[in-house]
Amino acid sequence: MSRTPSTSRRRALALAAGGTLGALAGCLGSLDPIGGGNTDSGDGFTDTTDVPEPEYGHWFDGGTDYAGTVDRRGEDEVVIPVGDGDGFRFDPAAVWVDYDTTVRWEWTGESGVHDVVTYDGPAAIESELTDEATHEYAVTLTEADEGVTRYSCRPHQTIGEQGAIVVGPEIESYVTEYDTTPVDYGDWFARTPNVSETANPLRRDAVSVRVGGPGGYDPEAEEWETAPVYDTPALRVTPGTTVRWRWVPGAGEHSVVAEDGSFESDLVAVEAADSPEYQEDEHTFERVFEDPGIHEYACERHRDDGMRGAVVVAESRH
């Protein structure tokens, strides 16, 4: 199979030997990092300094045990442990696969709850959050997922539980296409309780935002989980994406109103049934976002209480 190198994309190995890399070495020894001419440096890991790689931005700069992209093209299935190493790692962190390969994540049961969720990129990855040691989550990646998808465990992203899947045959085109640097919202979210960072479901046809909290029915409490918030207040999308707001049953009256007046939903409340099987369809409102920039919006009734959101339409880096 062709492995066309890029003369403009090279990543130096930035991690020193020892520590957590020692634990990683045994795994890497059994895999085939990109570039068959690599040799072991004698420090316990495979040196990929001169190996061309896909562009991950600064994704692996924050403590992830990253020793280069592992080439698993030609395999029908790839297994990635979740919670490996010190309990907060994917192993391998970055893997390259063909079309129609199934990637299966397997929970180790170490270090509490984990999930596997797309940060940005074409592949839709979204597991449940669990600490079950036998839990598995799998996706079969197709030509529609070609390119680089960066993903993470959301509870542990800030301490380096991050990964990347590269799908397809060539390397030159696998560059992060949109700017995903932190966004300065000023004081827009000063009163909003659940904003930690901007979610990045880039290159999707449509994404959803729950109106009235995280949503869902709690069978133990026998009630709907609601709150006067949007479940994903800060969202970054690529031009042409449809953002669809879905009202949580029993959450009260809410709306979606743009600060600049460019879009506005009705003020709506969806009555909650006693159980999910009797619940009628939720109310929805949607808009296609085309223009790059920050599009702020709020609930007309709870704006001053912090029920605010923002859709960032990402500009291309090219």
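Residues numbered from 1 in each chain as written. Predicted model: local features only at pLDDT ≥ 70, side-chain atom pairs only at ≥ 80, totals over all residues. Heavy atoms only, no water.

Colleague: Break down the nonpolar core for me, with residues and values.
Modeller: Of all hydrophobic cores here, the largest spans 21 residues; its most connected members are Tyr230, Val243, Trp245 and Val256. Listed by contribution, the elements that provide at least two residues to this core are strand S10 (206-211), strand S13 (234-237), strand S14 (241-247), strand S16 (284-289) and strand S18 (308-313). Grouped together as the second largest cluster of nonpolar side chains are 19 residues, Phe90, Val103, Val116 and Tyr151 included. (Core = buried A, V, L, I, M, F, W, Y, C linked by side-chain atoms within 4.5 Å. Buried < 20%, exposed > 50% of the residue type's maximum accessible area, 1.4 Å probe, protein only. Helix = DSSP H or I, 4+ residues; strand = E, 2+ residues; numbered from the N terminus.)

Colleague: Explain the pairing of strand S5 (residues 101-107) residue by residue, including any values.
Modeller: With 5 of 7 residues buried, S5 is to be regarded as a mostly interior element. Relative to S5, strand S2 (residues 77-84) is paired through 6 bridges, and the arrangement is parallel. Along S5, the bridge assignment pairs Glu77 with Thr102. Relative to strand S7 (residues 136-141), S5 is paired through 6 bridges, and the arrangement is antiparallel. (Pairing = 2+ DSSP bridges.)

Colleague: Any chance you could break down the sheet that holds strand S17 (residues 293-298) for me, citing the residues and the numbers?
Modeller: As summarised here, the arrangement of the 4 strands in space is S13-S18-S17-S15, forming an open sheet in which the pairing is mixed. One side of each edge strand has no neighbouring strand; the edge strands of this open sheet are S13 and strand S15 (257-258).

Colleague: Quick rundown of unusual backbone geometry? Include the residues and the values.
Modeller: Note that the residue after Asp91, namely Pro92, is joined by a cis bond; omega there is 5 degrees. Non-glycine residue Asp100 carries a positive phi angle of around 65 degrees. You can see Asp100 is positioned in the loop between strand S4 (94-97) and S5. A residue is classified by how much of its surface remains accessible, and Asp100, at 55% relative accessible area, is exposed.

Colleague: With reference to specific residues and values, describe the pattern of salt bridges.
Modeller: A complete count under the given rule lists 10 salt bridges for this structure. A salt bridge links Glu75 to Arg72, with the nearest nitrogen and oxygen atoms 2.8 Å apart. In this structure Glu75 comes out as partly exposed when scored by relative accessible area, which is 29%. Owing to a relative accessible area of 12%, Arg72 belongs among the buried residues under this scheme. A salt bridge links Glu136 to Arg104; the shortest N-O distance between them is 3.5 Å. Of the two residues, Glu136 is situated in strand S7 and Arg104 in strand S5; the sequence distance between them amounts to 32 residues. In this structure Arg104 comes out as partly exposed when scored by relative accessible area, which is 23%. (Salt bridge = Lys/Arg side-chain N within 4 Å of Asp/Glu carboxyl O.)

Colleague: Can you explain the packing of aromatic side chains? Please cite residues and give values.
Modeller: Scanning all chains against the criterion turns up 13 aromatic pairs. Centre to centre, the rings of Trp245 and Phe263 are 5.9 Å apart; their planes meet at 25 degrees, and the pair counts as stacked. Remark: Phe263 occurs in the loop between S15 and S16 and Trp245 occurs in strand S14; sequence separation between them is 18 residues. Note on Trp245: relative accessible area 0%, which makes it buried. Among the aromatic residues, ring-to-ring pairing joins Tyr230, Trp245, Phe263, Phe285, Phe289 and Tyr297 into one connected group. Here the guanidinium or amino end of Arg287 rests over the ring plane of Phe289, the centre of that ring lying 5.6 Å away. Geometry around Trp188 places Arg308 over its ring, the cationic atom sitting 4.4 Å from the centre. (Phe/Tyr/Trp six-rings, centres within 6.5 Å; stacked < 30°, edge-to-face > 60°. Lys NZ or Arg CZ within 6 Å of the ring centre and 35° of its normal.)

Colleague: Tell me about the sheet that holds S14, and name the residues and values.
Modeller: In spatial order, the strands read S10-S14-S16; together these 3 strands make up an open sheet with mixed pairing. Among the strands making up the open sheet, the edge pair consists of S10 and S16. Across the sheet, the mean angle from the axis of one strand to that of its neighbour is 20 degrees, orientation sign disregarded. Two strands pair when backbone bridges link them, and S14 and S16 are joined in this way by 6 bridges, in the antiparallel orientation. When the sheet's bridge partners are listed, Thr241 is paired in S16 with Phe289. (Axes fitted to C-alpha atoms, helices over the stretch in contact; angles between N-to-C directions.)

Colleague: Break down the layout of surface pockets for me, with residues and values.
Modeller: Space inside the largest pocket adds up to approximately 1,100 Å³. Along its surface, the largest pocket is lined by 29 residues, and Val117, Glu126, Arg154, Ala199 and Thr232 are the ones closest to its centre. With 4 residues, S10 is the largest single contributor of residues to the lining of the largest pocket. In terms of residue class, the lining of the largest pocket is built from 13 nonpolar, 10 polar and 6 charged. (1 Å grid on protein atoms, 1.4 Å probe; cavity = no way out; pocket = protein on both sides within 12 Å on 5 of 7 lines; lining within 4 Å. Points joined across faces, edges and corners; volume = space filled by probe spheres on them. Nonpolar A, V, L, I, M, F, W, Y, C, P; charged D, E, K, R; others polar.)

Any functional reading would require information that these geometric values do not contain.
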